[in-house]
Amino acid sequence: MTIVQQRVIAIFLLAALCWVFEPIPIYATSVVIIVLELLLVSNKGLYLFRLSEGQPHFGQLLSYNEIMATFASPIIMLFLGGFFLAMAATKYRLDVNLARVLLKPFGTDPKYVMLGLMLITGIFSMFMSNTATTAMMLSILTPVIAVFGPKDPGRIAFALCIPVAANIGGIGTPIGTPPNAIALKYLVGDNYISFGEWMAFGVPFVVVMMALAWMLINFLFSADQKKIRNCLLKVSS
């Protein structure tokens, strides 16, 4: 292994230990990694760490431009946009208001109320990070779960439906989940896929998977309670 490779492994081990034991905040560890790479393995790093450059055992230093570009990576900006949308939707109670309006047509039958929650979650997840969408939607699910008895399988069904719907809905657009954005970054040239082309393939797939997931959850965790009170939809208002 070259000296540069050894330094990168040392940085990796330091980051892993900092993430596990949290001597500093997790987000600070992420910044420290980039700073250490600039100082130790970049062509503009500390002079003492660049003295042996050019020797076969030393290895090739990284360009400082490539390291600094990670602060403004299009993928990172894409993630931030999704998180900002989730924060704004929560701050102005868009999630609660949308749920209250869209759940009305689904009546009071638990399985149809769950379908409504899954559809709302899936729609949100198409344009925001599925992780942020799950956190946002679970906040309005608390009064729903409280209606069921302690041993009612409906509690499990409603708790599962939000993360499942968020993961499925995230497939529908390139910005719905981080892996999609990373894949889109490498689909260039002849393999380029536009936002619309992705949705043309992804949305029908989401519809089919959402229906299958809803039926499977209902089959495995059918609620004993057959009706949810109408006032439930007003609890979050």
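Quick look at the structure, then. (Residues numbered from 1 in each chain as written. Predicted model: local features only at pLDDT ≥ 70, side-chain atom pairs only at ≥ 80, totals over all residues. Heavy atoms only, no water.)

Take the packing of helix H9 (residues 153-169) against helix H11 (residues 195-220) next. In contact at an axis separation of 10 Å, H9 and H11 are set at 165° when each is read in the N-to-C sense. Considered as vectors, H9 and H11 are oriented roughly antiparallel to each other. Considering how the two elements wind past one another, H9 and H11 form a crossing that is right-handed. Of the residues in H11, those touching H9 at Ala157, Leu160, Cys161, Val164, Ala165, Ile168 and Gly169 are Val206, Met209, Met210, Ala213 and Ile217. In terms of residue class, the contact of H9 with H11 is made up of 11 nonpolar, one polar and no charged. (Axes fitted to C-alpha atoms, helices over the stretch in contact; angles between N-to-C directions. Helix = DSSP H or I, 4+ residues; strand = E, 2+ residues; numbered from the N terminus. Parallel < 35°, antiparallel > 145°, perpendicular 65-115°, else oblique. Left-handed = near helix turned anticlockwise from the far one by under 90°. Contact = heavy atoms within 4.5 Å. Nonpolar A, V, L, I, M, F, W, Y, C, P; charged D, E, K, R; others polar.)

Further remarks concern the side chain of Thr121. On the secondary structure map, Thr121 appears in helix H6 (residues 110-127). Discounting chain neighbours no more than four positions away, the residues touching Thr121 are Thr133, Met137, Ile162, Ala165 and Ala166.

Moving on, we get to the environment of Ser222. Mapped onto the elements of the fold, Ser222 is located in the segment after H11. Placed 69 residues apart in sequence, Ser222 and Pro153 show a C-alpha to C-alpha distance of 6.1 Å. Leave out the neighbours within four places in its chain, and Ser222 touches Pro153 and Ile217.

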